[in-house]
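Examination of the molecular architecture
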Amino acid sequence: MFSGMPGHDNARVSAVLGPTNTGKTHLAVERMVAHSSGMIGFPLRLLAREVYDRVVAMKGPDRVALITGEERIVPKDARWFLCTAESMPIDRDVAFVALDEAQLGADAERGHVFTDRLLHARGREETMILGSAALKPVVRALVPGVEIVERPRFSDLSYAGAKKISRLPRRSAIVAFSAEEVYAVAEMLRRLRGGAAVVMGALSPRTRNAQVAMFQAGEVDYLVATDAIGMGLNMDVAHVAFAGLHKFDGKRRRRLFTAEMAQIAGRAGRHQRDGTFGAIAEEGPDAFLPEEVLAIEEHRFPTLDTLFWREGAPDLSSVDALLASLSAPPMHDALRPAPEAVDLAVVRRLTDDPAVRARARGQVDRLWAACSIPDFQKLGVEPHARFVARVFGYLAEGYLPHQWFADEVARLDRADGDVETIAGRVAAIRTWAYIAQRRDWLADPAHWAARTLAVEERLSDALHASLTQRFVDKRTSALMKQIGAGAGALPVEIGPQGEVTIDTHAIGRLDGFRFTVAPEARASDKRLLLATAEKRLASERRTRGEALVGAADDAFVLEPGGGIVWDGHVTGRLARGRSLARPVVVLDDALDCLDPTQRRAAAERMQRWVEGQIAAQLPALAALATMARDPAATPALRSVAGAIEASGGLAARLPVRVAVEALTGADRQRLRRAGVTIGALDLFDARLLRPRARGWRAALLAAAGLAVPDAPRDGASVLPRGAPGAVIEAGYRPLGTQAVRIDLVERIARAAHDARNGRAPFVPDPALATSIGLEAGTIARLMAELGFRPLPEGRWAWRGRPPAKVAAPRRDNAFAALAELGLG
């Protein structure tokens, strides 16, 4: 497993290790062209293309080859080969071989490829392994007799602190870790400094070169890139600024390793000219830690003790043999099994299908080759596996259908659309360009290789034009050059109605703490405008946060649904607390833009307001909550107080009758002082029936997750039964065909009891009931529930405490009594 090519055992093998900007790649190119033939494997197609152009300038196009997954330029007399690591023809006999960025053997997705090349790619006369100093122990373990050459960085790299985007020095590269972030930063630079070039690994070499040429020529002073620039792409960058220190690595979002930070930061400075690095954020998760700064400046990183490995030449005799060899464990302590890459995941899914297995008999090599098609479009395993299955289905019958291939390429041969659309087509055409490089997959591969390359070049030119149009404002760029590098940022202005403008361009509104992009903005621009404004509105939001914390009580309003409104905007919401009368305030997510200290202060301010309002509008509820949890109170008082509070201050007496009868005189006096009426039928605080208190009570019920009854008509004494609010929970007791407000029920009850003399028959005064608007049936039902029985001639007699269920009075007696009262 660890031998090189046959006959090369005595060839010199050296490892040139050191930090970025040590000239390792330049040294490898010089060594290669000094030999009669040679080959270098690079981590990126962009880098392979860059060095290819350099060697062509030295040796001429007829002697130099470029081999990548999507592009193959191999002249008849080619002697020097520039390749991506995956595409290196390691069976070719050449005098010199080099592998660049060999520390990528520790990369979870591609590491096994670099490890395989480190173990097996050998030059006839010389082999050179280029990489980080962290490789030293693992190279010694895996390559016996290797000569280690450590190279220091030519120039110093120092930390320059955090700088806002508007304050970055000219000739800066800003590094982000997603296309969306790259576009957002580039849009901001366009508005503030006239524009920026854009470099991402997904760009074609033609687009990338055109973008870099703008930067190198000084047409723009800023470059926005992904971490692709960390892999040896040489540009005249003086300062590298990190827009963030976290990235999604295909499995999870994580913080960059210190070695990754150093790899990217090392792009600052050229040869012997010093460079600087820094962050955009001064504090928070995307700010550098002191130990990270020290490690980058001193080039001190943990060493690599193991690399990922997978069998580079799997057994293709059968599907099971293929899977077994790809899953075989490494036979060396310095190697560890590689995680499942996309190609292996795809072959596992396809071979779960018996039909695919049957079709693969005798052509496992074709199945494995199809599964090795890269997922350039980042579709994910399942969609990519479906595409591969279709490709293999055709390959199993011979060639890919000419018409299918032609139609797919023609579909992509369109230069219209925005940046994202064209970039998506570039990614898609790379798939077909890769397929066209397979000599036995198409009837006329040379034709389709040229055709896909031509489409890619047209799309690349269109993408460059679209990127330039979108992210370069030549007028502003020229103006900024005239003003000078010290000019301040173009201001973000906020109008009286919350309208937000940048350099007179209206981009949206700031409503309270929430920024909304202008609706007339194109859909593709919205996330960019949002990112542009969000980072510039921090100070305004901070000022508004201070105003909220210092606001007077009358500045807050409660919405019907429990929302807390300040300055016309919802800033918080009531949520379930320890009890109904003790809700908690949850901040609206629009306040997430504030720092933790200010968010906490805002929540505390609104909590104080809520507690004050409950004490003022619902005083009984606050007192009942205290009684229900008072260890010194009697059990009966705690039970009654808890029941009344749990029902929002309005409760029927019957369910807690036993506890009410057990109340002592002191208990009853305490409840009365709190404002609670212990009525004949209900327990309540009459103040809760007022409209404003009713709104707060409804909000507390909703916050506690309880049903909120419909609100009754304001000022109504009596409601038709079934009307909104005609329920006990809203303060109205249903009686017959009507529902009567419970405080009026209690007044009638007291009047009736005041009129009676023991159990002797009496005639109640009809004035109160008549003034309220009660119907005859309602009065009869009420008198029965109050414990009276009807007698002839409109009289009533006290029956005693009402039963648990009160039967309606007999119709003849009830109506006779009502007639006597003048209400029949």
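Attention here is on the structure that accompanies the text. (Residues numbered from 1 in each chain as written. Predicted model: local features only at pLDDT ≥ 70, side-chain atom pairs only at ≥ 80, totals over all residues. Heavy atoms only, no water.)

Focus on the pattern of salt bridges
Counted only if it meets this: Salt-bridge detection follows one rule: a side-chain nitrogen of Lys or Arg within 4 Å of a carboxyl oxygen of Asp or Glu. Think of it this way: any DSSP run of H or I at least four residues long counts as a helix, any run of E at least two long counts as a strand, and we number them from the N terminus. Throughout, exposure labels follow a simple rule: accessible area from a 1.4 Å probe, protein chains only, divided by the maximum for the residue type, with under 20% read as buried, over 50% as exposed, and the rest as partly exposed.
This model, assessed by the stated rule, comprises 49 salt bridges. Here R124 makes a salt bridge to D93, at a shortest N to O gap of 3.1 Å. You can see R124 sitting in the loop between α3 (111-120) and β7 (126-131) and its partner D93 sitting in the loop between β5 (80-84) and β6 (96-99), a full 31 residues away along the chain. In this structure, R514 and D588 form a salt bridge, with 2.8 Å as the shortest nitrogen-oxygen distance. Separated by 74 residues along the polypeptide, R514 in strand β22 (residues 514-517) and D588 in the loop between β26 (582-587) and α20 (596-617) bring together distant segments of the chain. Residue classification places D588 among the buried residues on the basis of a relative accessible area of 18%. Three or more residues are tied together by salt bridges with common partners; here these are R45, R49, D53, E70, E71, R430 and E456.

Digging into the sheet that holds strand β1 (residues 12-17)
Basically, it comes down to this: Any two strands with at least two DSSP-identified bridges between them are counted as paired. Contacts were defined at the residue level, with two residues in contact if any of their heavy atoms lie within 4.5 Å. To obtain an axis, a line is fitted to C-alpha atoms, over the contacting stretch when the element is a helix, and the angle between two such axes runs from 0 to 180 degrees between their N-to-C directions.
Across the sheet, which stays open at both edges, the eight strands sit in the order β4-β3-β5-β2-β6-β7-β1-β8 with mixed pairing between neighbours. The outermost strands of the open sheet, each flanked by one partner alone, are β4 (72-73) and β8 (147-150). Helix α1 (residues 24-34) contacts β1, β2 (38-42), β5, β6 and β7 of the sheet and is inclined by roughly 165° relative to β7.

A word on helix α14 (residues 402-412)
Listed in full, the buried residues belonging to α14 are W404, F405, A406, E408, V409 and L412. Lining the buried residues of α14 we find α13 (381-395), α15 (419-436) and α16 (445-471).

Some points on the packing of helix α10 (residues 342-351) against α13
Threshold: Working rule for angles: under 35 degrees goes down as roughly parallel, over 145 as roughly antiparallel, 65 to 115 as roughly perpendicular, anything else as oblique. Handedness of a crossing follows from how the near helix is turned relative to the far one, being left-handed for an anticlockwise turn of less than a right angle and right-handed for a clockwise one. In this count, Pro and Cys sit with the nonpolar residues alongside Ala, Val, Leu, Ile, Met, Phe, Trp and Tyr, while Asp, Glu, Lys and Arg are called charged and the others, Gly among them, polar.
Their axes nearest at 9 Å, the elements α10 and α13 cross at an angle of 65°. Taken together, the axes of α10 and α13 are roughly perpendicular relative to one another. The way α10 lies across α13 gives a crossing that is right-handed. Residues V342, A345, V346, R349 and L350 of α10 touch α13, and the partners they reach there are V381, E382, H384, A385, V388 and A389. Of the residues assigned to the contact of α10 with α13, the class counts are eight nonpolar, one polar and two charged.

Notes on helix α2 (residues 45-59)
The periodicity of an α-helix, 3.6 residues per turn, causes residues three or four positions apart to be oriented the same way. The condition is simple: Expected helix span is computed as 1.5 Å times (number of residues minus one).
The first and last C-alpha atoms of α2 sit 20 Å apart over 15 residues, in line with the 21 Å expected at 1.5 Å per residue. Buried residues of α2: R45, L46, L47, A48, E50, V51, Y52, V55 and V56, and no others. Phi turns positive, to about 95°, at G60, one or two residues after α2.

Quick look at the packing of aromatic side chains
In this description, a pair of aromatic rings is defined by centroid distance and the angle of the planes. Stated formally: Working definition: a ring pair exists when centres of Phe, Tyr or Trp rings (six-membered ring for Trp) sit within 6.5 Å. Plane angles under 30 degrees give stacked, over 60 give edge-to-face, the rest tilted. Each ring is checked for a lysine NZ or an arginine CZ that lies within 6 Å of its centre and within 35 degrees of its normal; such an atom marks a charge sitting over the ring.
Inspection of the entire model under this criterion finds 16 aromatic pairs. With a centroid separation of 5.3 Å and 90° between ring planes, the pair formed by F242 and F288 is classed as edge-to-face. Residue F242 is located in strand β13 (residues 239-242), and its partner F288 is located in the loop between β16 (275-279) and α8 (290-298); the two are separated by 46 residues in the primary sequence. Three or more aromatic residues joined by ring pairs form one cluster here, namely F387, Y394, W404, F405, W432 and W448. Note that R470 overlies the ring of Y183, its terminal NZ or CZ placed 5.3 Å from the centroid. One Lys or Arg, R756, reaches over the ring of W798 and ends 4.6 Å from the middle of that ring.

Structural notes on the sheet that holds strand β30 (residues 718-720)
A sheet is described by the order of its strands in space; here three strands give the open sequence β30-β32-β31, paired in antiparallel fashion. Of all strands in the sheet, those with a lone pairing partner are β30 and β31 (732-735), marking the two edges. For this sheet, the mean angle separating the axes of adjacent strands, direction not counted, is 30°. Across four bridges, β31 lies against strand β32 (residues 738-741) in antiparallel orientation. When the sheet's bridge partners are listed, Y732 is paired in β32 with R741. Against the sheet, helix α28 (residues 776-785) makes contact with β31 and β32, and its axis sits at roughly 105° relative to β31, the strand it touches most.

Topic: the pairing of strand β24 (residues 563-566)
Along β24, one buried face is formed by G563 and V565 and the opposite face, lined by I564 and W566, is buried too. By the bridge criterion, three bridges tie strand β23 (residues 556-558) to β24 in an arrangement that is antiparallel. Paired with F556 across the strands is W566, a residue of β24. With antiparallel pairing between neighbouring strands as the criterion, β23 and β24 make up a hairpin whose turn holds four residues, including G562 at a positive phi of roughly 100°. When β24 meets strand β25 (residues 569-579), the two strands line up antiparallel, connected through four bridges. Residue G563 lies in a different strand from β25, and its bridge partner there is R573.

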